[in-house]
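The chain contents come next:
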Amino acid sequence: MSQTTKKRGGVVHQFIIVDPNLCTGCETCESVCSFVHDGEFNPINTRIHRVRIEPILNVALACQKCDDAPCVRSCPEKALEQDKLTGSIIVDDDKCNGCAFCIRACDFGVLNLHIQTQKALICDLCETMKDDYINEERGEKYPACIDVCPKEAISLKDVEQIGEEKRIDAVKRLFGDILKETEA
Amino acid sequence: MVKNMSKTKEIPVPDQIKGFTQVRLDVNLTDGKFSKSKLSNEFCRDWIGGYGFGAKVLWDECPAGVDPLSPENIFVYAHGPFPGTILPTSSKYGVFAKSPLTGQFGMAISSGSVGAQARRAGINMIVIKGKAPEPVYMVIDDDDHYLVPCKDTLWGKGCWETEELLREEFQDQRLGVLSIGPGGERGSFMGCITNDRNRQAGRTGMGAVMGSKNLKAICFRGTKGISVAHPVEFFKLAKKLIKVANGPATAKYRDLGTPAGITSYNKLGMMPTFNHREGTWDKVDDGTFTGDILNQDWVVKKVACSQCSIGCDHITKIPKDHPNWPNLYSSIDQELCYSFGSACGNSDWPTVFKCVSLTDDLGIDAISGGVTAAMAMECFEEGIITKEDLGYELPFGSTVNLVRFTEEMILGKGFAGKVFGDGTREAGKRLEEMGRKSASYYGMHIKGLEMPAFDLHGMNSFAVGMSVSIRGACHLRNGSYGLDAKGNFDRFGYDKPFERGEAIKKLEDIYAIIDSYIVCKFTRGIYENDAEMAKVFELVTGIPVTETFIQDRGEAIVNLSKCFNIREGWTRNDDKPPERFFKQPHTKGPAKGVVLKEDGYQKLLSGYYEARGWDTKTGIPTDETLKNLGLDFTIGKLTTKGGKK
């Protein structure tokens, strides 16, 4: 799914970003995440996690694909491995024994254990989704939460894109007067 | 005239159905016993979910003529097959009981996270009877069901704090909590149920019924996954519906929110102002009190219920430098801009926000509360109540005094609480018993339930539509305001009584299905047609229902709850707007000089009864109609047992 690139020696760490200004906290992402992987709706088995802090803060978090990821390092069973190319954390279900050290190690709280299998769950950008639920228009696996988010609050970005967007925002804020002149 | 109904038996039921958990939980609060039973496949097919389940159980099990606040009344929680799926706006639940406010069929629907959590806990319906010997809350934690005494921990607390404390207790910020506040605890007929802070099952006093049973709250959480009958097709259709639910069909609910209606209703002369004395307001004309200003100056965030793609909840904030209520967050919609706004002649936004937060948190219905306050204000202006009674002045447009009145009304304190604490009908009675003549005239209610944000002057079809509503004055039982507002019929005329009746019936039947599914009425426009609504039921449950089938079941559900009302003493005269609409016209605006004509109104009402297959004189369903709808079990049981107020 990731585009071919020569950046960083071909290593593109794209991950799920959620805009808290757009997120309404509807949990649709969580329901869909569990559904495309397991065939049933159950947000407790999600890989993207909505957080609501009353009264107005709503956002969702998924794997940030940390460099030298603490979850991988913490796993006593060596069940977690980071894909060098995509940065995704891959869980080997045969090795995972549900000890939850990875959950304790993660700074963002984006891992959990599957309520039935007790195996670690972490966002892999839907690489392991069921074929039945592949978006026909795309014709390939792609994060289902992005496709269903009613507010288009979820996107897939790499660090360069995020930095670029932040810079443009900052420049507009700081030097907006110049822009206004060009518009006039 | 009555068409031949498709018989329920024509729809085959698979051996295994999905969506429904089919678990009915019975709780006897008197002895604390729980028991589980299975809802049959046929029961689920025929009664669909929320409203249908509630109607059937209340008919079967609520003792006729029961005192609504006695242990013998029953309290039903129910949802349909959809919560927890990604069908837009499906995380909804309904509560049903005989209403203390109307003495008839009580029902209220709410959203938030409760429906989905209850579904994942494996519940489909809870039937609560009796009265706990001391205040308790109920826990539905997957398959663990129990009661916890809470006299010293939660009783007396507001709904917001109750929810926070329970979430802390369970160490779970996602715990679904529905609770009552001091309003419901003291049995205010307007007592509401609050969940997820900003969502209420507000109408008809369902919170008072909980309070009368010493039941402070119900907490839900569950870990059971939800599978559907046809997952691939359902996923596809649900994704389409989510997209459509973000299109033009719901734009008004998302953008400005329902308060966009303030301006459009004002133009039509149906934005009730000064307790329905007028239908237009100069504060709307001059741009002080509009949905645009509300959004521009006060709304800080829009929030969604679980699995809702619209996100209509408009959260307002009063800034930190406000002298009276700094840093106050409230959840605002059109109804509340009316109840504590235009109806009270109050254009001070922070006053509206403060009153709404008081009703939501301390637990009475914000519509009934505001309309009762508006009655008090008009009584004050008419000299029926005085400063000596209240301890303060209360003319239309009051701000801090309106807040003071509201708090006393909720808590049952002072003159305001004693006289107005149980809604407009009781207030009228109590004032007249005190020798204050004509007080009831100023109570804007139908069947005892306070009116929503629609004036009925020059809204002749809707005057019937709102009056025939099973639960009392309500715009959500058939939404027939559209028939007048959109010009389907002459809003000022009395022609076509049967056609108007048929149009109201058609809306009412499908609304009964929406309330049984339960989904939000904001999504009624996202389905291509009733056939697509039926399809989504089939894809989730596996029961191959058709468009005709769901329309017929909607009709049966309306008829059954009507039968409940008749058994409780309903008569034709209960389907009638307040006297004001027949006597006192607006002095300005599009409906200036217009009043309802008695004979014209009665003609339209008979037209509706005729379209329903009810006796056109008495308004009671004929045996033939009941039989055609498969409601044979009601025949011969429609004698009044009394109990209506």
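All of these numbers come straight from a predicted model, not from anything done at the bench.

Before going further, it helps to examine the overall build of chain B. From N to C terminus, chain B includes 26 helices and 17 strands. A compact globule built from 645 residues would reach a C-alpha radius of gyration of about 26 Å, and chain B, at 23 Å, matches this within 12%. Across its three principal axes, chain B shows a C-alpha extent of roughly 65 × 60 × 50 Å. The long-range fraction of contacts in chain B, counting pairs at least 24 apart against all pairs at least 6 apart in sequence, stands at 70%.

Bringing the overall build of chain A into the picture now. If you tally the helices and strands in chain A, you get five helices and eight strands. In sequence order, chain A lays out its α and β elements as β-α-β-β-α-β-β-α-β-β-α-β-α. Each principal axis of the C-alpha atoms in chain A carries an extent, and together these give about 65 × 40 × 35 Å. Sorting the 184 residues of chain A into buried and exposed places 40% on the buried side.

In this section: helix α2 (residues 50–61) of chain B. In this model α2 of chain B runs 16 Å from its N-terminal to its C-terminal C-alpha over twelve residues, within 8% of the 16 Å that 1.5 Å per residue would give. Regarding α2 of chain B, the residues found buried are Gly 50, Tyr 51, Gly 52, Phe 53, Gly 54, Ala 55, Lys 56 and Leu 58 of chain B.

Pairing between the strands of a sheet is mediated by backbone hydrogen bonds and can be parallel or antiparallel. Residue and element names in this part refer to chain B. The strand order across the open sheet formed by six strands is β2-β1-β6-β3-β4-β5, and the pairing between neighbours is mixed. This sheet does not close on itself; its edge strands, each paired only once, are β2 (33–38) and β5 (105–110). Averaged over all neighbouring strand pairs, the angle between strand axes comes to 15°, with direction disregarded.

Turning next to the packing of helix α13 (residues 349–362) of chain B against helix α16 (residues 400–411) of chain B. Residue and element names in this part refer to chain B. In the contact formed by α13 and α16, the axes pass within 9 Å of each other and the chain directions differ by 10°. If you check the angle between α13 and α16, you find them roughly parallel. When α13 is examined against α16, the residues Thr 351, Lys 354, Cys 355, Leu 358, Thr 359 and Leu 362 are found in contact with a partner set consisting of Leu 402, Val 403, Thr 406, Glu 407, Ile 410 and Leu 411. Here the residues of the contact of α13 with α16 are counted per class, giving seven nonpolar, three polar and two charged.

Before going further, it helps to spend a moment on the domain arrangement of chain B. Residues and elements named next belong to chain B. As far as domains go, chain B holds domain 1 (8–221), domain 2 (245–450) and domain 3 (460–634). The straight-line distance from the C-alpha centre of domain 1 to that of domain 2 is 27 Å. Taken residue by residue, the interface counts 35 residues in domain 1 and 29 residues in domain 2. Those elements giving two or more residues to the side of domain 1 that touches domain 2 turn out to be α4 (159–169), α5 (182–185) and β11 (199–201). The element that contributes the greatest number of residues to the side of domain 1 that touches domain 2 is α5, accounting for three residues.

With that out of the way, let us pick up the sheet that holds strand β7 (residues 136–141) of chain B. All names here are of chain B. Strand order in the open sheet formed by six strands is β8-β7-β12-β9-β10-β11, and the pairing between neighbours is mixed. The open sheet has two edge strands, β8 (144–149) and β11, and neither has a second partner. Averaged over neighbouring strand pairs, the angle between their axes works out to 20° when direction is ignored. In the packing of α4 onto the sheet, the strands contacted are β9 (176–179), β10 (193–195) and β12 (215–221), and the crossing angle to β9 comes to about 145°.

Moving on, we get to the packing of α2 of chain B against helix α21 (residues 497–517) of chain B. Residue and element names in this part refer to chain B. Where α2 meets α21, the axes come as close as 4 Å, and the angle between the chain directions of the two elements is 95°. Taken together, the axis directions place α2 and α21 in an arrangement best described as roughly perpendicular. Every residue of α21 that contacts α2 at Gly 50, Tyr 51 and Gly 52 is listed here: Ala 512, Asp 515 and Ser 516. Along the lines of polarity and charge, the residues of the contact of α2 with α21 split into two nonpolar, three polar and one charged.

To continue, consider the nonpolar core. Membership of the largest hydrophobic core comes to 241 residues, with the highest contact counts inside it found for Cys 145 of chain A together with Val 76, Val 95, Cys 219 and Ala 376 of chain B. At ten residues, the largest contribution of residues to this core is made by helix α14 (residues 366–381) of chain B. Among all residues touching Cys 145 of chain A, those that are not within four sequence positions of it are Cys 29, Val 32, Cys 33, Ile 48 and Ile 154 of chain A.

Here the focus is the pairing of β8 of chain B. In terms of strand pairing, β7 of chain B meets β8 of chain B through six bridges, oriented antiparallel. Across the sheet, the residue bridging to Val 139 of chain B is Tyr 146 of chain B, located in β8 of chain B.

Residue-level contacts link 24 residues of chain A with 28 residues of chain B. Among the elements that take part in the side of chain A that touches chain B, helix α1 (residues 28–38) of chain A stands out by supplying five residues, more than any other. Here the side of chain A that touches chain B is composed, by residue class, of eleven nonpolar, seven polar and six charged.

Working note: non-glycine residues mostly have negative phi, and peptide bonds are mostly trans. The residue after Glu 54 of chain A, namely Pro 55 of chain A, is reached through a cis peptide bond having omega 0°. Mapped onto the elements, Pro 55 of chain A comes out in the loop between β2 (49–53) and β3 (57–61). One non-glycine residue, Asp 68 of chain A, lies in the positive phi region at around 50°. With respect to the element layout, Asp 68 of chain A can be found in the loop between β3 and α2 (70–74). In this model, Asp 196 of chain B sits at a positive phi of 45°, which is unusual for a non-glycine residue. Mapping Asp 196 of chain B onto the fold places it in the loop between β10 and β11. Judged by local crowding, Asp 196 of chain B falls into the buried class, with 24 C-beta atoms found within 10 Å.

A word on the environment of Glu 382 of chain B. Residue and element names in this part refer to chain B. If you trace the backbone, Glu 382 turns up in the loop between α14 and α15 (387–390). Take Glu 382: there are 13 C-beta atoms within 10 Å of it, and that puts it in the partly exposed class. Along the backbone, Glu 382 and Ala 439 are 57 residues apart, and their C-alpha atoms lie at a distance of 9.5 Å.

Bringing the confidence of the model for chain B into the picture now. Here chain B averages 96 in pLDDT, and 98% of its residues register 70 or above. Complex prediction metrics read pTM 0.96 and ipTM 0.93.

Cut-offs applied
- Residues numbered from 1 in each chain as written.
- Chains lettered and ligands numbered in written order.
- Predicted model: local features only at pLDDT ≥ 70, side-chain atom pairs only at ≥ 80, totals over all residues.
- Helix = DSSP H or I, 4+ residues; strand = E, 2+ residues; numbered from the N terminus.
- Rg over C-alpha atoms; globule rule 2.2 N^0.38 Å.
- Contact = placed C-beta atoms within 7 Å.
- Buried ≥ 20, exposed ≤ 12 C-beta atoms within 10 Å, placed from the backbone.
- Expected span 1.5 Å × (residues − 1).
- Pairing = 2+ DSSP bridges.
- Axes fitted to C-alpha atoms, helices over the stretch in contact; angles between N-to-C directions.
- Parallel < 35°, antiparallel > 145°, perpendicular 65-115°, else oblique.
- Nonpolar A, V, L, I, M, F, W, Y, C, P; charged D, E, K, R; others polar.
- Domains from an automatic or database assignment.
- Core = buried A, V, L, I, M, F, W, Y, C linked by C-beta atoms within 7 Å.
- pLDDT = per-residue confidence, 0-100.

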